[in-house]
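# Overview (structure and organization)
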Amino acid sequence: MIRKHILVALVEDRPGVLNRIASTLRRRNFNIESIAVGHIEIPNLSRMTIVVEADDNKVEQVRKQLDRLIEVIRISDITNDNPVAREMAMIKVKATPSTRGEIIQVVDIFRANIVDVSADSLIIVVTGDEEKVDTLIELLRGFGIREMSRTGTIALPRGGAGPLTIEENKPLRHVVEHVAPEEENLPNW
Amino acid sequence: MIKTGAEILCECLVKEGVEVIFGFPGGVLLPLYDTLPKYPQLRHILVRHEQGAAHAADGYARVTGKVGVCLATSGPGATNLVTGIATAHLDSVPMLAITGQVPTFFIGKDAFQEVDITGITVPITKYNHLVLDTAELATAVREALYIAQAGRPGPVLLDIPRDILQGRTEFIFPDKVDLPGYKPRLYGHPAQIKKAAELINSAERPVIIAGRGVNISKAFSELKELAEKSQIPVVTTFLGIGCFPESHVLSYGWLGMHGMGYANKAVYNSDLVIAIGMRFDDRATGVVSSFAPNARIIHIDIDPAEIGKNLTVDVPIVGDIKNILQVMNKQIVKRDHIAWLTQLDELRSIHPALEVRDHEGLLPQYVIKQIHEVTGGDAIIVTDVGQHQMWAGQYFFYDKPNSLVSSGGLGTMGFGLPASMGAKVGAPDETVWCICGDGGFQMTVQELATMAQEDLDINIAIFNNGWLGMVRQWQELIYEKRYFGTKLYNPDFVKIAEAYGIKGRRVTRKIDVRPAIEESMAHRGPFVIEFLVEPEENVYPFVPPGKTLVEFLEMPRPTVNLKK
């Protein structure tokens, strides 16, 4: 079944990680709908939220390939975990004295904010799920959108521990000890 | 102790048991080449082209199971490694490629001989890393060598700028490194193993398909125990050749496009496929939708990303093969499968794929058989890519693990000659035969100079048919003999060898084959034999593209069975 998937990943905060992830998705011919990256509560780690639209099996396959990357510590498809997914958009709309009032009404209905006002335009900031943001943009289109920018989706699964939760008493480590090289003999049938 | 980056690199390599580096110097590597003489434990072999270094490291790694190390300078040196790295990546070969890089203050400025090699090699390495601080070099080398050989092995590239090699820092060998993002699963899930054992115990027509993973995991005796205990026929993949002795009564050859007809039929007619350390490559499965149509499939692999990639499996088990089979074998009951094995033996007699037909001229299959007879099968066969590669797989019998070295996944022409150097360096006491076609041989012919300089005792057989044979075969069988771009104008290969100071022989008649092989074996140092073989010989069986495993073409001529 082809549908939207939300993949969340804990990755090491190092140069080149985004490139590796994008490269793996590109190789499997995925079109990335959105990707959002930011630091988390643990130093040197980032959390990525990747939205792709594709077949379930194909997404699971690429998830495993992404998990194989050394810098990817954990990756999970949380689509089925009923996640809280939000994005933010900033929209600069044309506003004349005659339309300003109407725009403010729309903004209020959507519980969005006006963060900048100038003589002929407003900057509106809206947070919500993708559908809400899309609807607001559609409504504002009539007034004339000058510029806009969207963050892409970020998401957390509801309830207690999620698939990426790191328990405090279990630090993320995989210690590899040095083993002195030794000779090995192959069997002689 | 304060050491330079170059010294730290060498110290770490020595501590990790690296014995040999196949390399080619260049501007940014000079600090390292100034340091290498202080570490005589690290044998440096100067190749003639960096591609040769990568393939040689690959051949070394396949024969020894250890990480092969190659070294190249920045820019063109690094890009010349790319084909060799990709070859190792597709065949899961542990390799460390070290490239020099322009000094950190030049990076990104299109400096002389600068190339973004970590960017270029992202899709063809297991991991790569640009070292930006001398203090992290030791950790980087340890991590690289660990990642290269752990879990599913693969090539790792370390890109080291010149100023990092020259920088000085306190050297502490990091006994422990922390890789939170890489924990290969080594033990199979007990419930999955139990399910698999139950399927095996109740199967009537089971077949094992063993791949290169068995070689990597060194699970030879475990595989043998499984097969013998439950009397399961063993078919290997092309790269799995040697992981199960081919002289064993349960060995049914290898499957695939040019695999034995009975191996393909065994898989097709089975009711249970036990796929061990193989990845259902398209050359092995034929049309994947009708691969083993009536069989349940157990897939054992250390890489979870291989499970379900090419086909849906019934029981996946992720982990190290050796560990999994050790647990699983305890749950396997004794079976005899007499009816099934009898059926397969009949198939084997109807499809005698390993015969050499009676022919006046010099057949390549005949030459391989003669090499097998003279060596008694006790040799490492390194092949290039093409028709001769398939014949080498078919007509030589492999009873020892890792005794066939060949580029399976990427199919890299030019692999054979340099890989045979690596094989010989890795196994100096073994007889090494390099089997090449006239096309592939010329792709890396310059490495004859390396062999001569290092006096490597390698027997090189060039199968000269004057064509790019495999492509010609496809043009003949699929493109109605419209030959184009496949006829070769060749040099005098014996003279080429002589020009490098290597002894050579040309063989045109059957009766001269054996003496030439014997002469080559008796000779110390490299020896080239050019066999002028039948020009339009085809490889059979042949599963045409888009066909199932059992729709293979067989040799359309009367045959005489020399095998029996």
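Within each chain, residue numbers correspond to sequence positions counted from 1 in written order. Labels are handed out in written order, letters beginning with A for the chains and numbers beginning with 1 for the ligands. Given that this is a predicted model, residues contribute local features only at a pLDDT of at least 70 and side-chain atom pairs are listed and counted only at 80 or more, while totals for whole chains, interfaces and linings are drawn from all residues.

## Digging into the overall build of chain A
Scanning chain A from terminus to terminus reveals four helices and 10 strands. To qualify as a helix, a DSSP run of H or I must reach at least 4 residues; to qualify as a strand, a run of E must reach at least 2; elements of each kind are numbered from the N terminus. When the elements of chain A are put in sequence order from the N terminus, they spell out β-α-β-β-α-β-β-α-β-β-α-β-β-β. Restricting the calculation to C-alpha atoms gives the radius of gyration, and the globule rule supplies 2.2 Å times the number of residues raised to the power 0.38. Its C-alpha atoms give chain A a radius of gyration of 22 Å, clearly above 16 Å, the size a compact globule of 189 residues would have. Overall, the C-alpha framework of chain A stretches about 90 × 35 × 30 Å when taken along its three principal axes. Counting across all 189 residues of chain A, residues that qualify as buried make up 26%. By sequence separation, contacts in chain A at least 24 residues apart represent 75% of the contacts at least 6 residues apart. Partly exposed residues are those whose C-beta has more than 12 but fewer than 20 other C-beta atoms within 10 Å; 20 or more makes a residue buried and 12 or fewer makes it exposed, with C-beta atoms placed from the backbone. Two residues qualify as a contact pair if the distance between their C-beta atoms, derived from the backbone, is within 7 Å.

## Section: the overall build of chain B
Within chain B, the secondary structure is distributed over 23 helices and 21 strands. Here the C-alpha atoms of chain B give a radius of gyration of 24 Å, agreeing with the 24 Å that 2.2 N^0.38 yields for 564 residues. Once the C-alpha set of chain B is aligned to its principal axes, its extents read approximately 70 × 60 × 40 Å. Counting all 564 residues of chain B, 58% fall into the buried class. Long-range contacts, defined as pairs at least 24 residues apart, comprise 77% of the intrachain contacts of chain B with a sequence gap of at least 6.

## A short note on the domain arrangement of chain B
Residues and elements named next belong to chain B. When its domains are assigned, chain B resolves into domain 1 (2-170), domain 2 (190-350) and domain 3 (364-532). An automatic or database domain assignment is the source of the domain bounds shown. Taken over C-alpha atoms, the centre of domain 1 sits 37 Å from the centre of domain 2. With five residues of domain 1 at the contact, the number on the domain 2 side is five residues.

## Remarks on the sheet that holds strand E2 (residues 32-39) of chain A
Residue and element names in this part refer to chain A. An order of E2-E3-E1-E4 is seen for the four strands of this open sheet, with the pairing classed as antiparallel. Here the strands that pair on one side only, and so sit at the sheet edges, are E2 and strand E4 (72-77). Between one strand and the next, the sheet's axes are offset by a mean angle of 15°, whatever the strand orientation. As judged from the five bridges shared by strand E1 (residues 2-12) and E4, these two strands associate in the antiparallel manner. Within E4, the residue paired with Ala-9 across the bridge is Ile-75. Here an axis means a line fitted to C-alpha atoms, over the contact stretch when the element is a helix, while the angle between two N-to-C directions is reported on a 0 to 180 degree scale. Contacts between helix H1 (residues 17-27) and the sheet are confined to E1, E2 and strand E3 (45-55), with E2 contributing the most and set at about 160° to the helix. Contacting E1, E3 and E4, helix H2 (residues 56-67) crosses the sheet at an angle of about 170° to E4. Strand pairing is defined by DSSP finding a minimum of two bridges between the two strands.

## Focus: the interface of chain B and chain A
Of the residues lining the interface, 30 residues belong to chain B; the matching set on chain A comes to 26 residues. When residues are grouped by polarity, Ala, Val, Leu, Ile, Met, Phe, Trp, Tyr, Cys and Pro land in nonpolar, Asp, Glu, Lys and Arg in charged, and all others, Gly among them, in polar. Split by residue class, the side of chain B that touches chain A holds 14 nonpolar, six polar and 10 charged. Two elements, strand E10 (residues 175-177) of chain A and strand E9 (residues 176-178) of chain B, share three bridges in a ladder whose sense is antiparallel. Paired with Val-176 of chain A across the two strands is Val-177 of chain B, which belongs to E9 of chain B.

## With respect to unusual backbone geometry
Here the amide bond leading from Tyr-540 of chain B into Pro-541 of chain B is cis, since omega sits at -5°, within 30 degrees of zero. Its place among the elements puts Pro-541 of chain B in the segment after strand E21 (527-532). With a phi angle near 65°, Asn-29 of chain A is a residue other than glycine that sits in the positive phi range. For Asn-29 of chain A, the location among the structural elements is in the loop between H1 and E2. Even without being glycine, Asp-455 of chain B reaches a positive phi, approximately 50°. By the element assignment, Asp-455 of chain B lies in the loop between helix H20 (447-454) and strand E19 (458-464).

## Thoughts on the pairing of strand E10 (residues 206-210) of chain B
All names here are of chain B. For E10, the tally of buried residues reaches five of five residues, placing the bulk of the element in the interior. By the alternation rule, side chains of E10 split into Pro-206, Ile-208 and Ala-210 and Val-207 and Ile-209, which are all buried. Of the strand pairs in this sheet, E10 and strand E11 (residues 234-236) are connected by three bridges, and their pairing is parallel. Bridging across to E11, Ile-208 finds its partner in Val-234.

## Here's the deal with H20 of chain B
Residues and elements named next belong to chain B. Regarding H20, the residues found buried are Glu-447, Leu-448, Thr-450 and Met-451. End-on, the buried residues of H20 take up no more than an arc of 155°, which puts them together on one face. As for H20, its buried residues are in contact with strand E3 (43-46), helix H3 (50-64), helix H18 (416-426), E19 and helix H22 (493-499). At the C-terminal side of H20, Asp-455 shows a positive phi close to 50°. The directions considered for the arc run from the helix axis to the C-beta atoms.

## Description of the sheet that holds strand E2 (residues 20-23) of chain B
Residue and element names in this part refer to chain B. The parallel open sheet is built from six strands, whose spatial order is E3-E2-E4-E5-E7-E6. Looking at strand neighbours, the two that pair on one side only are E3 and strand E6 (127-130), the edges of this open sheet. Put simply, the sheet's adjacent strands are angled 20° from each other on average, direction ignored. Where E6 and strand E7 (residues 155-161) come together, four bridges link them in parallel fashion. Across the sheet, Leu-130 pairs through a bridge with Asp-159, a residue of E7.

## Looking at the confidence of the model for chain B
The pLDDT value tells you how sure the predictor is about a given residue, anywhere from 0 up to 100. Taken over all residues, the pLDDT of chain B has a mean of 95, while the share at 70 or more is 98%. As scored by the predictor, the complex reaches a pTM of 0.94 and an ipTM of 0.87.

## Notes on the packing of H18 of chain B against H20 of chain B
All names here are of chain B. In contact at an axis separation of 9 Å, H18 and H20 are set at 25° when each is read in the N-to-C sense. Comparing their axes, H20 and H18 come out roughly parallel. Between H18 and H20 the crossing geometry is left-handed. Residues Leu-417, Pro-418 and Met-421 of H18 pack against Glu-447, Thr-450 and Met-451 of H20. Considered class by class, the residues forming the contact of H18 with H20 number four nonpolar, one polar and one charged. Each angle receives one of four descriptions, namely roughly parallel if under 35 degrees, roughly antiparallel if over 145, roughly perpendicular if within 65 to 115, and oblique otherwise. Handedness of a crossing follows from how the near helix is turned relative to the far one, being left-handed for an anticlockwise turn of less than a right angle and right-handed for a clockwise one.

## What to know about the pairing of E2 of chain A
Residue and element names in this part refer to chain A. Pairing between E2 and E3: seven bridges, direction antiparallel. Considered in E3, the bridge of Ile-35 is made with Ile-50. Here E2 hands over to E3 after five residues, with Asn-44 in that stretch at a positive phi of 65°.

## Some points on helix H4 (residues 130-141) of chain A
Take the residue count of a helix, subtract one, and multiply by 1.5 Å to get its expected span. The end-to-end C-alpha distance of H4 of chain A is 16 Å, a good match for the 16 Å that 12 residues give at a rise of 1.5 Å each. Residues of H4 of chain A that are buried in the fold lie against strand E5 (84-94), helix H3 (97-109), strand E7 (121-128) and strand E8 (145-150) of chain A.

## Some remarks on the environment of Leu-325 of chain B
All names here are of chain B. Tracing the backbone shows Leu-325 in helix H14 (residues 321-329). A count of 26 C-beta atoms within 10 Å places Leu-325 in the buried class. In this structure, the C-alpha to C-alpha distance between Leu-325 and Ile-193, residues 132 residues apart in sequence, is 8.7 Å. Not counting residues within four places of it along the chain, the set of residues in contact with Leu-325 comprises Ala-219, Glu-222, Leu-223 and Leu-226.

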